[in-house]
Amino acid sequence: MDYSLRELECFVAIAETLSFTRAAKRLHLSQPPLSRHIRKLEEKIGVRLFERDRRTVTLTPAGALFYEETRGLLSQLIRAGESARRAVRGETARLRLGFVSAVLNAELVECFRRFRVAHPSTQIMLHDASPAEQLAAIEGGTLDGGFIGLLPPGRHGKLHFLPWRREPLDVYLPTGHALATRKRLALSELRDEPFVAVSGESAPAFAASVREACRTAGFAPRILLESPRAQAVAVMVAAACGVALLPRSLSRTVGEGALVVVPLRNAPVITHVFAYPAGQSDAIDAFLAAIR
């Protein structure tokens with residue numbers, strides 16, 4: 001089916017902000033052409049992607065599934081275009097880095113910027129991939145390193161792991177939830193709630209940390225839905241599919257009013273690591289210095 005790049009960009013922007021206003025601002029568009037792109041896309045697919053009223057925008061179930069597939073495709077197309085432009089500019093060295101959406105924040109973007117200023121001839125190629133996909137790609141030589149989230153279980157003798165950030169887990173609640181007005185929650189108060197979560201297959205260390213935090217609070221989480229992406233889990237929370245435990249920094253990428261984020265008492269704290277291979281390249285050495 002023939003989708004335009006602009007239509008996909010408009011869809012992903014609205015899916016991630018759950019706001020036509022914020023999506024239009026992100027894309028430097030006015031709202032009428034943004035709405036036209038979405039209508040054309042829905043006509044091509046034959047389903048409604050969003051439910052919209054005067055105050056809220058939510059993904060339909062079909063829209064949530066389309067978001068899962070489209071986001072990776074859009075990233076791949078953007079990377080392909082950027083690679084072509086960098087080649088024309090004469091950039092020679094290449095650094096292929098993976099990341100998970102939950103760790104991409106202003107501080108990490110600033111790290112990339114500093115590295116590019118210090119090493120303008122090095123091409124950075126970013127790949128949005130799950131921790132499991134990143135580890136396999138780094139070990140297989142198709143990625144040079146990756147921001148994988150938590151330290152993975154098991155032994156990875158060919159890889160090194162550099163801790164680079166610590167942050168707490170917060171409770172993500174749908175707008176209007178009975179607990180959404182609370183300033184702080186005990187994790188045990190969620191024992192009877194349905195959960196949505198990052199899948200253990202894609203992020204085993206993070207999934208294990210969530211289950212262990214709940215076990216320490218005296219219950220096993222009743223997980224109804226899973227996704228390989230933390231950002232998609234946040235979208236499912238906004239769609240009232242359940243509650244979730246997610247990193248605090250992820251709330252910056254979710255539109256205001258789409259959901260409610262409440263801190264936990266005695267919140268579990270997670271440590272993010274950067275994975276890279278033993279015997280790394282000069283480019284990775286330089287990038288590790290930028291992280292530190």
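In this report, the structure presented in the accompanying data block is examined.

What counts, and where the lines are drawn
- Residues numbered from 1 in each chain as written.
- Predicted model: local features only at pLDDT ≥ 70, side-chain atom pairs only at ≥ 80, totals over all residues.
- Heavy atoms only, no water.
- Helix = DSSP H or I, 4+ residues; strand = E, 2+ residues; numbered from the N terminus.
- Rg over C-alpha atoms; globule rule 2.2 N^0.38 Å.
- Areas by Shrake-Rupley, 256 points an atom, 1.4 Å probe, with all protein chains shown as cover.
- Buried < 20%, exposed > 50% of the residue type's maximum accessible area, 1.4 Å probe, protein only.
- Arc of directions from axis to C-beta.
- Contact = heavy atoms within 4.5 Å.
- Polar contact = N/O pair within 3.5 Å; in protein donor to acceptor, adjacent residues only side chain to side chain.
- Disulfide = S-S within 2.5 Å.
- Pairing = 2+ DSSP bridges.
- Core = buried A, V, L, I, M, F, W, Y, C linked by side-chain atoms within 4.5 Å.
- Salt bridge = Lys/Arg side-chain N within 4 Å of Asp/Glu carboxyl O.
- Axes fitted to C-alpha atoms, helices over the stretch in contact; angles between N-to-C directions.
- Parallel < 35°, antiparallel > 145°, perpendicular 65-115°, else oblique.
- Left-handed = near helix turned anticlockwise from the far one by under 90°.

## Focus on the overall build of the chain
Looking only at helices and strands, the chain has nine helices and 11 strands in total. Against the compact-globule benchmark of 19 Å for 292 residues, the chain has a radius of gyration of 20 Å, which places it among compact chains. With the C-alpha coordinates of the chain rotated into their principal frame, the extents come out at 55 × 50 × 30 Å. Carbon and sulfur atoms provide 54% of the accessible area of the chain, an area that totals close to 14,500 Å².

## Quick word on helix H2 (residues 20-27)
Residues of H2 that are buried: Phe20, Ala23, Ala24 and Leu27. Mapping the buried residues of H2 onto a view down its axis gives an arc of 100°, with all of them on the same face. Tucked into the core, H2 has its buried residues touching helix H1 (5-17), helix H3 (31-45), strand S1 (50-52) and strand S2 (57-59). For H2, the side-chain oxygen to backbone nitrogen distance between the N-cap and Thr21 is 3.3 Å, and the N-cap itself is Ser19. Taken from the residues just after H2, His28 is the one with a positive phi, measuring 60°.

## A word on the state of the cysteines
Using the criterion set out here, one finds zero disulfides in the structure. Here Cys241 stays unpaired: no disulfide links it, and the sulfur of Cys214, its closest cysteine neighbor, is 18 Å away. For Cys241, a relative accessible area of 28% translates into the label partly exposed.

## Regarding the environment of Leu104
In this fold, Leu104 is placed in the loop between strand S3 (93-99) and helix H5 (106-118). Considered as a pair, Leu104 and Leu143 are 39 residues apart in the sequence and their alpha carbons are 17 Å apart.

## Overview of the pairing of strand S5 (residues 145-149)
For S5, the tally of buried residues reaches five of five residues, placing the bulk of the element in the interior. As paired strands, S3 and S5 are joined by three bridges and run parallel to one another. Bridged to Leu97 within S5 is Gly145. Alignment of S5 against strand S11 (residues 269-277), held across three bridges, turns out to be antiparallel. Along S11, the bridge assignment pairs Gly149 with Val273.

## A few points about the nonpolar core
Counting residues in each nonpolar core, the largest one holds 60 residues, and the members touching the most others are Phe11, Phe50, Phe206, Leu245 and Leu246. Counting residues per element, this core draws most heavily on helix H8 (residues 230-238), which supplies eight residues. Core analysis: the second largest hydrophobic core is formed by 22 residues, Phe99, Tyr276, Ala286 and Ile291 among them.

## A word on the environment of Ala13
Of note, Ala13 is situated in helix H1. For the pair formed by Ala13 and Leu27, sequence separation is 14 residues and the distance between their alpha carbons is 7.7 Å. Once residues within four sequence positions are removed from consideration, Ala13 is found in contact with Ala23, Arg26 and Leu27.

## What about the pattern of salt bridges?
Evaluation of the coordinates by the stated rule reveals 14 salt bridges. Notably, a salt bridge pairs Glu110 with Arg113, separated by 2.8 Å at the nearest N-O pair. With Glu110 and Arg113 both in helix H5, this residue pair falls three residues apart, about one helical turn. Here Glu189 ties to Arg182 by a salt bridge, and the two come within 2.9 Å at their closest N and O atoms. Members of the salt-bridge network, linked through shared partners, are Asp128, Glu133 and Arg229.

## Brief notes about the pairing of S3
A large share of S3 lies buried, amounting to five of its seven residues. Relative to strand S4 (residues 122-128), S3 runs parallel, the two being bridged by seven bridges. Looking at S4, one finds that Arg96 is bridged to Met125.

## Concerning the packing of H5 against helix H9 (residues 282-291)
At a minimum axis distance of 9 Å, the contact between H5 and H9 shows a crossing angle of 130°. With respect to H9, the element H5 is oriented oblique. Two packed elements cross with a definite hand, and for H5 against H9 that hand is right-handed. Here H5 contributes Cys111, Phe112, Arg114 and Phe115 to the contact with H9, which in turn contributes Ala283, Ala286, Phe287, Ala290 and Ile291.

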